[in-house]
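# Report on the structure
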Amino acid sequence: MTEPVFSSPLYATPPTAPMSDEDRWRVALAKDRRFDGVFVTGVHSTGIYCRPSCPARAPKRENVRFYATPDAAEAAGLRACKRCVPDQQSREEAAVLRVLEILRDADNPVPLARLGAATDCSPTHLQRVFTRAVGMSPAAYARALRRERAEQALACSPSVTDAIYEAGYSAPSRFYDDMKGQLGMSAKDRQDGAAGRAIRYAIVETTLGAMLVAATDKGVCCLAFNEGEAELRARFPKAELIEGDDAFRDLFSRVVDAVEKPGTGQDIPLDVRGTAFQQRVWEELCRIPSGETRSYGELAAALGSPKASRAVGGANGANNIAVLIPCHRVIAADGGLGGYAYGTGIKAELLRREKGEA
């Protein structure tokens, strides 16, 4: 089973938008323990390397080099700091790893007291340590993990009910409570890949080029530039595709207006699919004010998972609804535009319009 992507110093992958050395230096000066495990700080004047959170006095910037791993630092001739022991797993890190293991293997909810006993930590301390490392509490992590299992089970189980029980829910009502407030199609639609769902579409000309817009009876499910029916079919292989009719003309017109004047159109209904983590990212994208931008790292931090930049980048790229879910507002850590599925020219123009630049 593919596990959900959540961030922690122990359970993370490198950022999609790499940190610069100056970013790392600021982290080291702030002694931000959330970045322990992301890189180590090598101090060549002393010949040692440290965690970013090492409590020792900050060295001079000209003496510092940054390394991705302890092995890389040792290959450069440095030795581990005896104060912050960057080459060793701390007791707290071991506790977090143990809780992750227990929750991944559990078929039913695990009480916090039992997790504390399994890690020799008090429940209160474990809650605080786990939340700091992973970005959510053990209970929230377990719920998200269960939702991910349900997403996968819906794709291959003979019925929605079977999938819900297979994912570990004690009753269907528990599943629907978990999914309440999530963007997306129904559980049944997720299971059958939107088979039998009617999707109306049109290709319209805009000042940004040809635009594909498609919608179900619930709302817009796709907005893309320089794509057509073939690409829409690839996105929704089991749906019935129908050229847009009068009933959808007003909706499509509102979408065009939102593209020509980015930052508007917040009331346009959306019908989107995604994993629990993708849903969280897309919802956070919609909270970025028009005219502002965020880096992948800033977006990850807003989600409570400051080191999930790579996962955020993946969710950003999986967005089927450009502009209305404003993934164009996410830029590289160095302030550059970064990538965009429809070309950086369109991205730059959207941002220019939102900032009201002439």
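Structural data are supplied above this passage.
Attention in this report is confined to the structure presented alongside it. (Residues numbered from 1 in each chain as written. Predicted model: local features only at pLDDT ≥ 70, side-chain atom pairs only at ≥ 80, totals over all residues. Heavy atoms only, no water.)

We now examine the overall build of the chain. The secondary structure content of the chain amounts to 15 helices and 10 strands. By residue count, 49% of the 358 residues in the chain fall in the buried class. In the chain, of all internal contacts separated by at least 6 residues, the share reaching a separation of at least 24 is 62%. Accessible surface for the chain amounts to roughly 17000 Å². Of this, 50% is attributable to carbon and sulfur atoms. (Helix = DSSP H or I, 4+ residues; strand = E, 2+ residues; numbered from the N terminus. Buried < 20%, exposed > 50% of the residue type's maximum accessible area, 1.4 Å probe, protein only. Contact = heavy atoms within 4.5 Å. Areas by Shrake-Rupley, 256 points an atom, 1.4 Å probe, with all protein chains shown as cover.)

Another point: helix α1 (residues 21-30). Those residues of α1 lying buried are Asp23, Arg24, Trp25, Val27 and Ala28. Looking at the buried side of α1, the elements it contacts are β1 (40-43) and β3 (64-67). Among the residues trailing α1, Lys31 stands out with phi positive, at a value near 55 degrees.

Another aspect to go through is the environment of Ala302. Mapped onto the elements of the fold, Ala302 is located in helix α13 (residues 296-302). A sequence separation of 21 residues divides Ala302 from Val281, and the C-alpha atoms of the two residues are 9.5 Å apart.

Bringing the sheet that holds strand β6 (residues 209-215) into the picture now. As a general point, the strands of a sheet are linked pairwise by backbone hydrogen bonds and lie either parallel or antiparallel. Overall, mixed pairing links the four strands, which are arranged β7-β6-β5-β8 in an open sheet. For this open sheet the edge positions go to β7 (220-225) and β8 (240-243), each flanked by a neighbour on one side alone. Between one strand and the next, the sheet's axes are offset by a mean angle of 25 degrees, whatever the strand orientation. For β6 and β7, the ladder comprises five bridges, and the chain directions are antiparallel. Bridge pairing links Ala215 to Val220 in β7. Helix-sheet contacts for helix α11 (residues 246-260) involve β5 (198-206), β6 and β7, and the interaxial angle to β6 is about 135 degrees. (Pairing = 2+ DSSP bridges. Axes fitted to C-alpha atoms, helices over the stretch in contact; angles between N-to-C directions.)

Glancing now at the side chain of Thr216. With respect to the helices, strands and loops of the structure, Thr216 is situated in the loop between β6 and β7. Take Thr216: its relative accessible area is 2%, and that puts it in the buried class. Looking at Thr216, its side chain comes within polar contact range of the side chain of Asp271, at 2.6 Å. (Polar contact = N/O pair within 3.5 Å; in protein donor to acceptor, adjacent residues only side chain to side chain.)

Attention shifts here to the pairing of β7. β7 sits mainly inside the fold: six of its six residues count as buried. Connecting β6 to the next strand, β7, in antiparallel fashion are four residues, including Gly219 with a positive phi near 155 degrees.

Our focus in this paragraph is the side chain of Arg24. Tracing the sequence through the fold places Arg24 in helix α1. Of the residues examined, Arg24 reaches a relative accessible area of 19% and is grouped as buried.

Right, let's get into unusual backbone geometry. Although it is not a glycine, Asp120 adopts a positive phi angle of roughly 60 degrees. Inspection of the secondary structure puts Asp120 in the loop between α4 (112-119) and α5 (123-134). Positive phi, normally seen in glycine, also occurs at Asn226, with a value near 55 degrees. Position of Asn226 relative to the elements: it lies in the loop between β7 and α10 (229-235).

One can describe the packing of helix α12 (residues 276-285) onto helix α14 (residues 309-317) by two numbers: an axis separation of 9 Å at closest approach and a directional angle of 80 degrees. The angle between α12 and α14 places the two elements in the roughly perpendicular class. For the pair formed by α12 and α14, the contact residues are Phe277, Gln278, Val281, Trp282 and Leu285 on the first element and Ala311, Val312, Ala315 and Asn316 on the second. The residue inventory of the contact of α12 with α14, partitioned by class, reads seven nonpolar, two polar and no charged. (Parallel < 35°, antiparallel > 145°, perpendicular 65-115°, else oblique. Nonpolar A, V, L, I, M, F, W, Y, C, P; charged D, E, K, R; others polar.)

A word on the pattern of salt bridges. Counted by the stated rule, this structure contains 14 salt bridges. Ionic pairing is found between Asp271 and Arg197, a salt bridge with its closest N-O pair at 3.2 Å. Of the two residues, Asp271 is situated in the loop between α11 and α12 and Arg197 in the loop between α9 (187-192) and β5; the sequence distance between them amounts to 74 residues. Asp271 sits in the buried class, given a relative accessible area of 2%. Its salt-bridge partner being Arg352, residue Glu349 comes within 2.5 Å of it at the nearest N-O pair. (Salt bridge = Lys/Arg side-chain N within 4 Å of Asp/Glu carboxyl O.)

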